[in-house]
Amino acid sequence: MQTSELVTSQIDVFSDAVLRDPYPYYAELREMGPVVFLEKNNLWAVTRYQGIRDALENHQAFSSQKVAFNDDMNNALAGTSLATDPPEHRQLRKTLMGPLTPRALKSIEDDITVKADRLVGELVSRGSFDAITDLVRPFVREVVSDMIGVQGVARENILRWGEAAFNVLGPMNQRTIESFPAAGELFHWCAEVTQADLTEGTLGWGIFEAAKRGEIAPESCGAIIHQYVAAGMDTTIASIGNAIGHFAAFPEEYAKLVENPALARSAFNESLRFEPPASLFGRYVKADVTFEGTMIPGGSQAAVLFAAGNRDPRHYSDPDTYKIDRDPADNLAFGYGIHTCAGQGLARIEAMAILTAFARNVRRFKADQPQRVLNNMTRALSSLPVVEVEAQ
Amino acid sequence: MSASTPRATLVIDRERCEGHCQCVLVAPDLLDLDDTGAVVITVPDVTDRIDLARKAVQACPAIALSIAPGDTWG
């Protein structure tokens, strides 16, 4: 295969400037080429929609052995379905995914909808509230904690743990180093947790039942519960919070949702496309591979830039415009292929519940300037003060 | 239809399908859920609905859906 000249960039995708607003930088990388070597990060970035789909489909060339951007975390994640390739991946994935299919989630869907309606109703009657700290964060914490069966002190810590779990996937920068203690608390809790600590009949409790039946090794229970907690919080909060942020930023688009709440699914897909909860994710190139005309040497760290691919004009027309009725069901936010987000069914149920309740209760609203805390991996609002609400 | 018309068939790979149900949401005219909640193809011959079929294929996060030439009976 013909190889083209190596395209390199000095952009540091984990710098404050890029994390504050990745889109101009990601657009620059995407237009430089389908594969760009980032000298400051020592990694190969896959930048365009189709290339990202192809890389994620090709798990032989793009291994999940290094999904994080530092060795300590890659070592810590070794043996989990997230960081394992076929054939070992298959059984781990099956165990993780079993309780998370839409079929399995059907029984808790109504309960989640009721929780969302009640919380949104209460906040709207208050007249002003913070869409992140009063709504999305407590809601996701309650849903995920109840589902896994987490009680007591762990429940108080779970949001802090979830945030740290994503920060530590970055390179060894200040953010990663500062997040290691909290991420370590979560690893420690998961290593110590017993079935008696979890509410009977919940998903977490069921993992220990599966071990009793001999379906999984008893020592892997903690690792599976770690994946539910670590992956279930921060990105879900990010994606639902971002969607409400988009409603505030584009009131004409939000008006279409109020007019037709059935657009909630499309709205959520468009928010995932416009601003994915994780801007990028890691892969490991084990052996020399020529990909999109570029020779990537074996032993290299790669990254798929979801946030760049989701705004690729080669795939989406007018990609920098938020269109609530676009329904981009094929967007890259949840990844693609054998490692596609295992919890996307639950995330969608949570998002549908909140966004539908919001559209039914809030005709119009006004929000102050949103705030964000920078995270190496997740792109999320930390505060979105809703200062005026016109109820339905 | 005449025998010479090229047919297109929607095919599901059961080994890959994880039940994310995105295909059913995108193309409810072609796919549905059965009583057990498993995805089933209700209109396998998608020759006349090729754009919708492609949308369903594109929406599957698990790469479990594809369009094959020919028909399921041939």
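Residues numbered from 1 in each chain as written. Chains lettered and ligands numbered in written order. Predicted model: local features only at pLDDT ≥ 70, side-chain atom pairs only at ≥ 80, totals over all residues. Heavy atoms only, no water.

## Some remarks on the overall build of chain A
Alright, step 1. Within chain A, the secondary structure is distributed over 16 helices and eleven strands.
Alright, step 2. Taken over the C-alpha trace, chain A has a radius of gyration of 21 Å; the compact-globule value for 392 residues is 21 Å, and the two agree within 12%.
Alright, step 3. Across its three principal directions, the C-alpha atoms of chain A cover 60 × 55 × 35 Å.
Alright, step 4. Each of the 392 residues in chain A was classed as buried or not, and the buried ones make up 58%.
Alright, step 5. Pairs at least 24 residues apart make up 72% of the contacts formed inside chain A by residues separated by at least 6 positions.
Alright, step 6. Within the structure as shown, chain A displays about 15,800 Å² of accessible surface, and the carbon and sulfur contribution to it stands at 50%.
Alright, step 7. A distance of 3 Å separates the average location of the 37 positive side-chain charges in chain A from that of its 50 negative side-chain charges. (Helix = DSSP H or I, 4+ residues; strand = E, 2+ residues; numbered from the N terminus. Rg over C-alpha atoms; globule rule 2.2 N^0.38 Å. Buried < 20%, exposed > 50% of the residue type's maximum accessible area, 1.4 Å probe, protein only. Contact = heavy atoms within 4.5 Å. Areas by Shrake-Rupley, 256 points an atom, 1.4 Å probe, with all protein chains shown as cover. Lys, Arg positive; Asp, Glu negative; His and termini not counted. Charge placed at Lys NZ, Arg CZ, Asp CG, Glu CD.)

## Comments concerning the overall build of chain B
Alright, step 1. A tally of regular secondary structure across chain B gives two helices and four strands.
Alright, step 2. Order of helices (α) and strands (β) in chain B, N terminus to C terminus: β-α-β-β-α-β.
Alright, step 3. If you take every contact in chain B between residues at least 6 apart in sequence, the share linking residues at least 24 apart comes to 60%.
Alright, step 4. Counting only carbon and sulfur atoms, one obtains 54% of the accessible surface of chain B, whose full area is about 4,000 Å².

## Quick word on the interface of chain A and chain B
You'll often see interface size given as the accessible area lost when the parts meet.
Alright, step 1. Across the contact, 19 residues belong to chain A and 17 residues belong to chain B.
Alright, step 2. Across the chain A/chain B interface, buried area totals approximately 1,500 Å², and carbon plus sulfur atoms make up 48% of it.
Alright, step 3. Counting the contacts that link chain A with chain B gives two salt bridges.
Alright, step 4. Across the pair B:E18 and A:R93 runs a salt bridge whose closest N-O atoms are separated by 2.7 Å. (Buried area = accessible area lost by both parts, 1.4 Å probe. Salt bridge = Lys/Arg side-chain N within 4 Å of Asp/Glu carboxyl O.)

## Brief notes about unusual backbone geometry
Residue and element names in this part refer to chain A.
Alright, step 1. Cis geometry marks the peptide bond from P86 to P87, where omega comes out at 5°.
Alright, step 2. Position of P87 relative to the elements: it lies in the loop between α4 (71–77) and α5 (89–97).
Alright, step 3. Positive phi, close to 50°, is recorded for E292, a residue that is not glycine.
Alright, step 4. Within the fold, E292 resides in the loop between β7 (289–291) and β8 (294–296).
Alright, step 5. Positive phi, close to 50°, is recorded for D327, a residue that is not glycine.

## A closer look at the packing of aromatic side chains
All names here are of chain A.
Alright, step 1. Within the structure shown, the criterion is met by twelve aromatic pairs over all chains.
Alright, step 2. Measuring from centroid to centroid gives 5.8 Å for W161 and W189, while their planes differ by 40°, and the two rings are tilted. Of the two residues, W161 sits in helix α8 (residues 152–167) while W189 sits in helix α9 (residues 174–192), which places them 28 residues apart along the sequence.
Alright, step 3. Ring centres of F250 and Y322 lie 5.3 Å apart, and the angle between their planes is 10°; this geometry places the pair in the stacked category. One end of the pair, F250, is in the loop between α12 (234–249) and α13 (251–259); the other, Y322, is in the loop between α15 (306–309) and α16 (344–361), and 72 residues separate them in sequence.
Alright, step 4. For Y322, a relative accessible area of 3% gives the class buried.
Alright, step 5. Ring pairing ties together the aromatic residues F247, Y254, F358 and F365, which thus form one cluster.
Alright, step 6. Here the guanidinium or amino end of R273 rests over the ring plane of Y316, the centre of that ring lying 5.3 Å away. (Phe/Tyr/Trp six-rings, centres within 6.5 Å; stacked < 30°, edge-to-face > 60°. Lys NZ or Arg CZ within 6 Å of the ring centre and 35° of its normal.)

## Notes on the sheet that holds strand β5 (residues 129–130) of chain A
Residues and elements named next belong to chain A.
Alright, step 1. Taken together, the three strands give an open sheet; going across it, the order is β5-β11-β10, and neighbouring strands pair in antiparallel fashion. The open sheet has two edge strands with one neighbour each: β5 and β10 (362–367).
Alright, step 2. Where β10 lies against strand β11 (residues 385–391), five bridges are found, and the strand directions are antiparallel. Among the inter-strand pairings, F365 is bridged to a residue of β11, identified as V389.
Alright, step 3. Where α16 meets the sheet, its contacts fall on β5, β10 and β11, and the angle it forms with β10 comes to roughly 100°. (Pairing = 2+ DSSP bridges. Axes fitted to C-alpha atoms, helices over the stretch in contact; angles between N-to-C directions.)

## Focus: the confidence of the model for chain B
Any region with low pLDDT has predicted coordinates that should not be read closely.
Residue and element names in this part refer to chain B.
Alright, step 1. Across chain B, the average pLDDT comes to 89, with 88% of residues at or above 70.
Alright, step 2. Within chain B, the element-level pLDDT minimum falls on strand β4 (residues 65–69), averaging 94, and the maximum on helix α2 (residues 50–59), averaging 96.
Alright, step 3. Here the prediction assigns the complex a pTM of 0.95, and the interface score ipTM is 0.90. (pLDDT = per-residue confidence, 0-100.)

## Here's the deal with the side chain of A:D234
Residues and elements named next belong to chain A.
Alright, step 1. Mapped onto the elements of the fold, D234 is located in helix α12.
Alright, step 2. The buried charged residue D234 lacks any salt bridge partner; its closest oppositely charged side chain belongs to R137, at an N-O distance of 5.2 Å.
Alright, step 3. With residues up to four places along the chain from it excluded, the contact list for D234 reads G162, E163, F166, N375 and T378.

## Points about the sheet that holds strand β9 (residues 300–304) of chain A
Residues and elements named next belong to chain A.
Alright, step 1. Judged by pairing direction, the sheet is mixed, and its six strands sit side by side in the order β1-β2-β3-β9-β6-β4 without closing on themselves. Because the sheet does not close on itself, it has two edges, and the strands there are β1 (8–9) and β4 (62–63).
Alright, step 2. Relative to β9, strand β3 (residues 43–46) is paired through three bridges, and the arrangement is parallel. Paired with A45 across the bridge in β9 is A303.

## What about the pattern of salt bridges?
If the charged atoms of two oppositely charged side chains come close together, the side chains can form a pair.
Alright, step 1. Throughout the structure, instances matching the rule amount to 31 salt bridges over all chains.
Alright, step 2. Residues A:R314 and A:D312 are paired through a salt bridge, measuring 2.7 Å at the closest nitrogen-oxygen approach.
Alright, step 3. In this structure, the salt-bridge partner of B:D13 is B:R16, at a minimum N-O distance of 3.9 Å.
Alright, step 4. We classify B:R16 as partly exposed; its relative accessible area is 41%.
Alright, step 5. Residues joined by salt bridges that share partners form a network here, namely A:R30, A:E31, A:D312 and A:R314.

## A short note on the nonpolar core
Alright, step 1. Within the largest apolar cluster, 79 residues are counted, with the highest numbers of intra-cluster contacts made by A:W189 and A:I244.
Alright, step 2. When near neighbours in sequence (up to four residues on either side) are disregarded, A:I244 contacts A:A131, A:L135, A:V136, A:I354, A:L355, A:F358, A:F365 and A:L384. (Core = buried A, V, L, I, M, F, W, Y, C linked by side-chain atoms within 4.5 Å.)

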